[in-house]
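Coordinates in review
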Amino acid sequence: MFSSLNSSTLQTSCGIFWKHTSLQPRIPIYLASTHFYSLSKMVVNNPNNWHWVDKNCMEWAKKYLAEKVGGLSAEENGAQVAVSSVSSVEGDVEVCQRKGKMISLFDLRIVVDLSGSGADGSVKGSITIPELAYDTEKDEIQFDVSVYETSGDDVRLLAKRKLVPQLRDVLSHFGADLIAAHASDIQMESDRVNSVLTKQNQEGVKAKTEAKTQAQKKEAPQTKTETKAAKTEETPSGVPRYNTSTLHLEPTFNTTAEQLYITLLDPQRVAAWSRSSPQMEAFPPSEGSEFRLFGGSIRGRFTRLVANERITQDWRLEDWKQGHYAQLDIQLKQGAGETTMVVKWSGIPIGEEDRVRGNFEEYYVRSIKIVFGFGAVL
């Protein structure tokens, strides 16, 4: 009877079978003698949609994203940008059901390639979505926009303003479309189900999915209203209001405080570790002078500079509300053979902490160590 089962997938002990997936812990499936789970045939017999069944949908996801995302484009003021391809889709995608409840489980990292043109000619770039997961809300999806040419600021800004909202809209429908496309493969129709419990579960999931789809269709005009309201929520000084938090890092570097201070402020060194052309005063910059890094993705002004000891900045990401700056304080503490960079932020918008930390560790700390040999990179 069990000759068709994949032994690497199923284990038996006292009549209990366990299904392993990359997204699920071990899940017990109690099987009667005539009901069993098979990866090759999905469910041979699953009365009342009672047992756990899942389906790997990675290939479908790749085709879906290529169809829905490929070809998205935007144009404004003579600049244009378009998605030329979906170059990478990594992770897991599954649809699952048990006791009539249908769920989608996915966790993806997606990279799309861009091509465009602006005032300085043709450019290429990419947009990385670090995580698209089954529990990610629409406004929580993060997008990292990169343009490979230093002269492509207008194209990069266009991608952020016009292309990212289109991508966000497509990706927010991924979970519902995943279930709609594959539910019939792993679940019997409700009119063939006799169990009251599973029928209620099945019909309840269907109703929720339909309600979510309708809500998403109405979401676009509501988003415009909410955005307008957010812009009017300002402090008496006219600066938009955020709920904010703090962040503290202490990376170490195998160099002197003097060399690290120069590396953070000398435009030639900054260009090397940021792999872009910074806009800032020649070394040493003056207090009150402004800077732009990574093609304008980071900008701010120096508020206090103590040679080889301290750098204090008003610091912001480009897509934060206009006028809002966090305060970044960097202290350099030299020890025996290494220097500790004590990094403290205040005023980071709630929800942006992981993004700020991750980007700083990757594009500041790790890049400086690699380019100048100031420490081991894990």
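Provided above is the structure to which this section pertains.
Presented here is an overview of the structure given in this document. (Residues numbered from 1 in each chain as written. Predicted model: local features only at pLDDT ≥ 70, side-chain atom pairs only at ≥ 80, totals over all residues. Heavy atoms only, no water.)

Some words on helix α6 (residues 257–265)
By the criterion of burial, α6 is predominantly enclosed, with seven of the nine residues buried. For α6, the full list of buried residues reads A257, L260, Y261, I262, T263, L264 and L265. (Buried < 20%, exposed > 50% of the residue type's maximum accessible area, 1.4 Å probe, protein only. Helix = DSSP H or I, 4+ residues; strand = E, 2+ residues; numbered from the N terminus.)

Details of the environment of F253
Relative to the assigned elements, F253 resides in strand β13 (residues 252–253). Classification of F253 by relative accessible area gives buried; the value is 0%. Each C-alpha atom of the pair F253 and T339 lies 5.3 Å from the other, and the pair is 86 residues apart in sequence. Contact partners of F253, with chain neighbours within four places excluded, come to L260, E338, T339, M341, V365, I368, K369 and F374. (Contact = heavy atoms within 4.5 Å.)

Considerations on the pattern of salt bridges
All chains considered together, the criterion is met by 12 salt bridges. Note that E76 and K162 form a salt bridge whose closest N and O atoms lie 3.7 Å from each other. A residue pair is termed long-range when its members are at least 10 positions apart, and E76 in strand β7 (residues 73–76) and K162 in helix α2 (residues 153–172) qualify at 86 residues. When its relative accessible area of 24% is taken as the criterion, E76 is described as partly exposed. The closest approach of N and O atoms between E352 and R355, which form a salt bridge, is 2.7 Å. Counted as one network, the salt bridges with shared partners bring together R156, K160, R299 and E318. (Salt bridge = Lys/Arg side-chain N within 4 Å of Asp/Glu carboxyl O.)

Quick look at the environment of R292
Structurally, the position occupied by R292 is in strand β14 (residues 290–293). R292 gets classed as partly exposed once you look at its relative accessible area, which sits at 24%. For the pair formed by R292 and W315, sequence separation is 23 residues and the distance between their alpha carbons is 9.8 Å. The contact partners of R292, leaving out residues within four places of it in the chain, are D153, P278, Q279, I298 and R299.

Digging into the pairing of strand β18 (residues 339–349)
When a strand is regular, its side chains alternate between the sheet's two faces. In terms of burial, β18 is largely enclosed, as nine of its 11 residues are buried. Relative to β18, strand β12 (residues 244–249) runs antiparallel, the two sharing six bridges. Bridge assignment links H248 to a residue of β18, and that residue is K344. The sheet contact formed by strand β17 (residues 326–334) and β18 spans eight bridges and is antiparallel. Of the residues in β18, the one forming a bridge with L332 is M341. (Pairing = 2+ DSSP bridges.)

Overview of the packing of helix α7 (residues 267–274) against helix α8 (residues 353–372)
Look at α7 against α8: their axes get within 8 Å of each other, and the N-to-C directions meet at 100°. Considering the angle they form, α7 stands roughly perpendicular to α8. Here R269, A272 and W273 of α7 come into contact with α8, specifically with Y363, Y364, S367, I368, V371 and F372. Across the contact of α7 with α8, the residue classes tally to seven nonpolar, one polar and one charged. (Axes fitted to C-alpha atoms, helices over the stretch in contact; angles between N-to-C directions. Parallel < 35°, antiparallel > 145°, perpendicular 65-115°, else oblique. Nonpolar A, V, L, I, M, F, W, Y, C, P; charged D, E, K, R; others polar.)

None of this, on its own, says anything about what the molecule does.
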